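Architecture and fold: a report
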Amino acid sequence: MNEPIPVTRVVGHGTAKLMPDVDRERAWLLTVDGAPQSYVDLDEPAHLEFEYTRRLGHVLDTLAEPGHPLDALHLGGGALTLPRYLAATRPGSRQDVVEFDGELLDLVAGQLPLPEGADITLHAADARAWLESAPDAFADVLVADVFGGSRVPAHLTSVAYAREAARVLRADGVYLGNLADAAPFAFLRSQLATLATVFEELVLIAEPGVLRGRRFGNAVLAAAHRPLDLVALARRTAADAFPARVEHGAALRDFTGGARPVRDEDAVPSPEPPDGAFGIG
């Protein structure tokens, strides 16, 4: 009689639904307008369900010694999956989460409360506007996982945006972005070219089938002014339940090809996913 029931609510930008996972006692899937946004297990916040969040988690795991706290800035909130993950795996981390949809934030915070003692501050604001107001050298890591519907907003794809991200990061900080595209990868290539104008080191992590152009899917980009631990990252991603490839160096430059960096005046959202690309069931 105490089984959790789905919660549906109209939020600022669509209809959000929290659905309990029948296989995990206190786990929930968040969708907005039917598109999966986040998965959270309140009893096991270190459990990452979605493939792309697992890859983001692998990068986060390799940024510092295990358990060492990080100052993190998350652009895009969802159900706060990665902030919960960092709070569990790196206790003492200071985290700020910027989510445009304040009503969605209220729903998540009310229905899926954050762990007691977690230093996570929520901000209802536009990601770029908040970023532009943030102080220099504010964070060790910036995680950008912002989607308007199923597309990355155009104003988060330009060189001007990338420069703001680099400014807010510390000298050894790392930028992480979740993007989605399909062959011929015009959007993904343009984002690599854009980040390359600001950061010396770029790494791309994606499922081999996506990189071979077989399907639409997510790709994780990591960018920094310092080398990342590619050996540890490749080991973790290859051993994952959903194996991925780690591309960098000459191979990644070849993949980027002649793509041009994106100016604000030329910026466009990421491509619309095909029907069923991120559906449920």
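Heads up: these notes are all about the structure in this document.

Reading the values: the criteria
Residues numbered from 1 in each chain as written. Predicted model: local features only at pLDDT ≥ 70, side-chain atom pairs only at ≥ 80, totals over all residues. Heavy atoms only, no water. Pairing = 2+ DSSP bridges. Helix = DSSP H or I, 4+ residues; strand = E, 2+ residues; numbered from the N terminus. Axes fitted to C-alpha atoms, helices over the stretch in contact; angles between N-to-C directions. Contact = heavy atoms within 4.5 Å. Salt bridge = Lys/Arg side-chain N within 4 Å of Asp/Glu carboxyl O. Buried < 20%, exposed > 50% of the residue type's maximum accessible area, 1.4 Å probe, protein only.

Some remarks on the sheet that holds strand 5 (residues 71-75)
- Taken in spatial order, the eight strands make up an open sheet running 7-6-5-8-9-11-10-12, and their pairing is mixed. Among the strands making up the open sheet, the edge pair consists of strand 7 (119-124) and strand 12 (245-248). Each neighbouring strand pair of the sheet contributes to a mean axis angle of 15°, computed without reference to strand direction.
- When strand 5 meets strand 6 (residues 94-99), the two strands line up parallel, connected through five bridges. Among the inter-strand pairings, Asp-71 is bridged to a residue of strand 6, identified as Arg-94.
- Packing against the sheet, helix 2 (residues 81-89) makes contact with strand 5, strand 6, strand 7 and strand 8 (139-144), and its axis sits at approximately 175° to strand 6.

A closer look at the pairing of strand 1 (residues 7-11)
- Of the strand pairs in this sheet, strand 1 and strand 2 (residues 14-20) are connected by five bridges, and their pairing is antiparallel. Residue pairing across strands places Val-11 opposite Gly-14, the latter belonging to strand 2.

Quick notes on the sheet that holds strand 2
- Overall, antiparallel pairing links the four strands, which are arranged 1-2-3-4 in an open sheet. The open sheet has two edge strands, strand 1 and strand 4 (35-41), and neither has a second partner. Neighbour to neighbour, the strand axes of the sheet diverge by 20° on average, direction disregarded.
- One ladder, built from five bridges, connects strand 2 with strand 3 (residues 27-32); its direction is antiparallel. Within strand 3, the position partnered with Leu-18 by the bridge is Leu-30.

Describing the pattern of salt bridges
- Evaluation of the coordinates by the stated rule reveals 19 salt bridges.
- A salt bridge links Asp-96 to Arg-94; its shortest N-O distance comes to 3.1 Å.
- Taking the relative accessible area as the measure of exposure, Asp-96 reaches 7% and is therefore buried.
- Of the charged contacts in the structure, one is a salt bridge between Glu-265 and Arg-263, with a shortest N-O distance of 3.3 Å.
- What emerges from the salt-bridge pattern is a single network uniting Asp-71, Arg-94, Asp-96, Asp-140 and Arg-170.

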